[in-house]
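Residue-level listing of the chains:
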Amino acid sequence: QVQLVESGGGLVQAGGSLRLSCAASGGTFSNYAMYWFRQAPGKEREFVARISSSGGSTYYADSVKGRFTISRDNAANTVYLQMNSLKPEDTSVYYCAADRSPFGRPIPTAMDYWGKGTLVTVSS
């Protein structure tokens, strides 16, 4: 059983930056591809970014490409999401998730474990 705990959310002005962290415990972190999803009020949870188990491959939603960067530190059992040039439409609860499959689809139902989320609010 893998436990995931997100941190780093908060209130930021448009154009600002935040760095989210997700600390993992209870499993072999380097066995999992890691994801960030987000969910705004009244909307479905959506894919944001993915990083392979080794960290050698990343993939982003078009809406965040060029602004967000996902990274991981397998020695520290942590995955990060650096968010730059934030926009009001980025306001959401951000969740990290783990998938043991190296070929998994970037959809919520494919994830094996979830964190409880951290709120990011971007003011205009």
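The paragraphs below set out a description of the structure included in this document. Keep in mind that what you see is a predicted model, and the values were worked out from it rather than measured.

Quick look at the overall build of the protein
Tallying secondary structure elements over the protein gives zero helices and 11 strands in all. For the protein, the N- to C-terminal ordering of α and β elements is β-β-β-β-β-β-β-β-β-β-β. Along the first, second and third principal axes, the C-alpha set of the protein runs to 40 × 25 × 25 Å. Taking the contacts inside the protein whose residues are at least 6 apart along the sequence as the reference set, 57% of them involve residues at least 24 apart. Here the protein displays about 6300 Å² of accessible surface, and carbon together with sulfur accounts for 48% of that area. A distance of 1 Å separates the average location of the 12 positive side-chain charges in the protein from that of its 9 negative side-chain charges.

So, the packing of aromatic side chains
According to the stated counting rule, one finds seven aromatic pairs in the structure shown. A centroid spacing of 5.4 Å and a plane angle of 25° characterise the contact between F47 and Y59, whose relative ring orientation is stacked. Separated by 12 residues along the polypeptide, F47 in strand β5 (residues 46-51) and Y59 in strand β6 (residues 58-60) bring together distant segments of the chain. Residue classification places F47 among the buried residues on the basis of a relative accessible area of 13%. Relative accessible area serves as the criterion here: at 45%, Y59 is assigned to the partly exposed category. Over the aromatic face of Y95 sits the side chain of R45, whose NZ or CZ is 3.7 Å from the ring centroid.

Regarding the nonpolar core
Counting 35 residues, the largest nonpolar core has L4, M34, W36, L81, M83 and Y94 as its most contacted members. Sorting the residues of this core by element identifies β3 (18-25), β4 (33-39), β5, β7 (68-73), β8 (78-83), β9 (92-99) and β11 (118-123) as the ones contributing at least two each. When residues in this core are grouped by element, the largest group, five residues, is from β4. Ignoring any residue separated from it by four or fewer positions in sequence, one finds L4 in contact with C22, A23, A24, M34, C96, A97, A98, Y113, W114, G115 and K116.

Description of the sheet that holds strand β1 (residues 3-7)
Read across the sheet, four strands follow the order β1-β3-β8-β7 without closing on themselves; strand pairing throughout is antiparallel. Looking at the sheet topology across the chains shown, the edges are occupied by β1 and β7. Across the sheet, the axes of successive neighbouring strands diverge by a mean angle of 15°, strand direction being ignored. For β3 and β8, the ladder comprises six bridges, and the chain directions are antiparallel. Bridge pairing in β8 places L18 opposite M83.

The rules behind each value
As a convention, each chain's residues are numbered from 1 in the sequence order in which they are written. Under the rules for a predicted model, residues below a pLDDT of 70 receive no local features and side-chain atom pairs below 80 are neither given nor counted, while totals for whole chains, interfaces and linings still include all residues. Neither water nor hydrogens contribute to the side-chain values; these are computed over all heavy atoms in the structure. Helix and strand labels come from DSSP, where a helix needs a run of H or I of at least four residues and a strand needs a run of E of at least two; each type is numbered from the N terminus. By the convention used here, residues are in contact when the closest approach between their heavy atoms is within 4.5 Å. To be clear on the numbers: accessible area is Shrake-Rupley with a 1.4 Å probe, and residue cover counts the displayed protein chains and nothing else. Residues scored as charged are limited to Lys and Arg (positive) and Asp and Glu (negative), so that His and the chain ends carry no count. Here the site of a charge means NZ on Lys, CZ on Arg, CG on Asp, or CD on Glu. Side-chain rings of Phe, Tyr and Trp, where Trp is taken by its six-membered ring, are said to pair if the distance between their centres is within 6.5 Å; with planes under 30 degrees apart they count as stacked, over 60 as edge-to-face, and otherwise as tilted. Exposure classes here rest on a 1.4 Å probe applied to the protein chains alone. A residue is buried below 20% of its type maximum, exposed above 50%, and partly exposed in between. Only when the NZ of Lys or the CZ of Arg is both within 6 Å of the ring centre and within 35 degrees of the ring normal is a charge said to sit over the ring. Think of a nonpolar core as a cluster: buried Ala, Val, Leu, Ile, Met, Phe, Trp, Tyr and Cys residues, connected wherever their side-chain atoms sit within 4.5 Å. Between any two strands, pairing holds if DSSP finds at least two bridges. To obtain an axis, a line is fitted to C-alpha atoms, over the contacting stretch when the element is a helix, and the angle between two such axes runs from 0 to 180 degrees between their N-to-C directions.

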